[in-house]
Structure formats: structure tokens, C-alpha cells
Amino acid sequence: MSDSPRMLPPEEMTHLIIEGIQERKGKKITHIDLTAIESSAASGFIICEGSSTMQVSAIADSVRDYLFEKAGVKPYNYDGYANSQWIVIDYGDTFVHIFLPSERQRYNLEELWNDAVIEEIPDLD
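Here the structure is a predicted model, which is why all the values come from computation and not from measurement. (Residues numbered from 1 in each chain as written. Predicted model: local features only at pLDDT ≥ 70, side-chain atom pairs only at ≥ 80, totals over all residues. Heavy atoms only, no water.)

## Details of the nonpolar core
Cut-off, in case you're wondering: Only buried Ala, Val, Leu, Ile, Met, Phe, Trp, Tyr and Cys residues count toward a nonpolar core, and they belong to the same one when joined by side-chain atoms within 4.5 Å. A 1.4 Å probe rolled over the protein chains alone gives each residue an accessible area, and that area as a share of the maximum for its type sets the label: buried under 20%, exposed over 50%, partly exposed in between. Runs of E in the DSSP output that reach at least two residues are strands. Runs of H or I that reach at least four are helices, and both are numbered from the N terminus. Contact definition: two residues touch when any of their heavy atoms are within 4.5 Å.
By size, the foremost hydrophobic cluster in this structure holds 24 residues, and its most contacted members are Ile-17, Ile-21, Val-63 and Tyr-91. Broken down by element, this core gets its largest block of residues, 7 residues, from helix H2 (residues 53–71). Sequence-distant contacts of Val-63, that is, excluding residues within four places in its chain, are made with Ile-17, Gly-20, Ile-21, Ile-89, Tyr-91 and Val-96.

If you want it as C-alpha cells, here you go:
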């Protein structure tokens, strides 16, 4: 297998990322569909939050492990583990943002991209 990430259909990628988030009890999952936004660098964002820096990094690890185990997909890059207040994982067309609640509120990506199609995913519990 090469070092470049394997590409999955966007729906499958989104589904697997959400399952990876839910494995570690990530909350307030939001899918932002950016396919109709010409200026966006990606086709979608998946945003969620964890209640502590430990949970934020555990959710990020879960997403990365889950996609690799289920589909052989590795991210292009990821950043934010140093302080684990906001970790971003780059899967090419899809970016995963895992926030502490205060950081999520500060950066407010949902408001920034409010002209996109935004879907709230219900929490499992």
C-alpha cells in the first residue's frame, strides 16, 4: 500500500468518520457539505467536540484508527495534538475538526460556512 491516502466515496468517508467519532463518545457532530461552495478547499467538514483534552485526542485517534482498519484509509495530515484543544485531520476532500466546546464556540466554523448544507447528527445517548 502506498503512503498516499486511499480515496473513498464522500458518503462512505463521512459515515466512517462519524462512526469513529461515536466510538469515543464524541458529541454534537455536525456535517457541513461544502460541495456547492466554489471557494472551499474541501467538499466537507465533520465537526464534533470532546469534553476534555484527553477525550479530544482519543476521538482523533479513534477516527484515524477506524478509517484505517475499516477502509485502509490514512489521513494526508493532522495537527493539534500538542494541546488537544482543536485537532484537525485532513483526508483530502474531507476535514475532521475535533474541538473542546470553548474552542468550537470561539472558531464557530458552522457560522463561517453557514451558506453550506449543514446536518446535525444526533448524539447516541
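Text resumes after the structure shown.
## Describing the packing of helix H1 (residues 10–23) against H2
Stated formally: Axis geometry follows a simple rule: fit a line to the C-alpha atoms, using only the stretch in contact for helices, then measure angles between N-to-C directions, giving values from 0 to 180 degrees. To sort the angles, those under 35 degrees are grouped as roughly parallel, those over 145 as roughly antiparallel, those from 65 to 115 as roughly perpendicular, and the leftovers as oblique. Helix crossings get a hand from a simple test, with the near helix turned counterclockwise from the far one by less than a right angle marking a left-handed crossing and a clockwise turn marking a right-handed one. Any residue outside Ala, Val, Leu, Ile, Met, Phe, Trp, Tyr, Cys, Pro, Asp, Glu, Lys and Arg is labelled polar, Gly included; the first ten of those are nonpolar and the last four are charged.
In the contact formed by H1 and H2, the axes pass within 8 Å of each other and the chain directions differ by 130 degrees. Classified by the angle between their axes, H1 and H2 sit oblique to one another. Relative to H2, the crossing made by H1 is right-handed. The segment H1 lies against H2, with Met-13, Leu-16, Ile-17, Glu-19, Gly-20, Ile-21 and Glu-23 engaging Ile-59, Ser-62, Val-63, Tyr-66, Leu-67, Lys-70 and Ala-71. Here the residues of the contact of H1 with H2 are counted per class, giving 9 nonpolar, 2 polar and 3 charged.

## Describing H1
The criterion, for reference: What a helix should span is 1.5 Å times the count of its residues minus one.
Compared with an ideal rise of 1.5 Å per residue, which puts 14 residues at 20 Å, H1 spans 20 Å between its outermost C-alpha atoms and is within 8% of the ideal. Where H1 is buried, its residues touch strand E1 (27–33), strand E2 (44–49), H2, strand E5 (94–99) and strand E6 (117–121). Downstream of H1 by a residue or two, Lys-25 has a phi angle that is positive, lying close to 60 degrees.

## A look at the sheet that holds strand E3 (residues 77–79)
Put simply, the rule reads: In this scheme, strands are said to pair when DSSP sees at least two bridges between them.
What the 6 strands build is an open sheet, ordered E3-E4-E5-E2-E1-E6; its pairing is mixed. Two strands bound the open sheet, and with one partner strand each, they are E3 and E6. For this sheet the average axis-to-axis angle between neighbouring strands, irrespective of direction, equals 15 degrees. Two strands pair when backbone bridges link them, and E2 and E5 are joined in this way by 6 bridges, in the parallel orientation. Residue pairing across strands places Glu-49 opposite Phe-99, the latter belonging to E5. Against the sheet, H2 makes contact with E2, E3, strand E4 (86–90) and E5, and its axis sits at roughly 10 degrees relative to E4, the strand it touches most.

## Considerations on the confidence of the model for the protein
Stated precisely, the cut-off is as follows: Within a predicted model, pLDDT stands for the predictor's per-residue confidence, ranging from 0 to 100.
Per-residue pLDDT for the protein averages 92, and the proportion of residues at 70 or more is 95%. Per-element averaging of pLDDT across the protein places helix H4 (residues 109–112) at the bottom with 92 and E4 at the top with 98.

## Concerning the pairing of E4
By the alternation rule, side chains of E4 split into Ile-87 and Ile-89, which are all buried, and Trp-86, Val-88 and Asp-90, of which none is buried. In the sheet, E3 pairs with E4 via 3 bridges, with the strands oriented antiparallel. What sits directly across from Asn-77, in E4, is Asp-90. Following E3, the chain reverses through 6 residues before pairing antiparallel with E4; Gly-80 in that reversal takes a positive phi of roughly 115 degrees. Hairpin connection between E4 and E5: a loop of 3 residues separates the two successive antiparallel strands, and Gly-92 in this loop has a positive phi of roughly 85 degrees.

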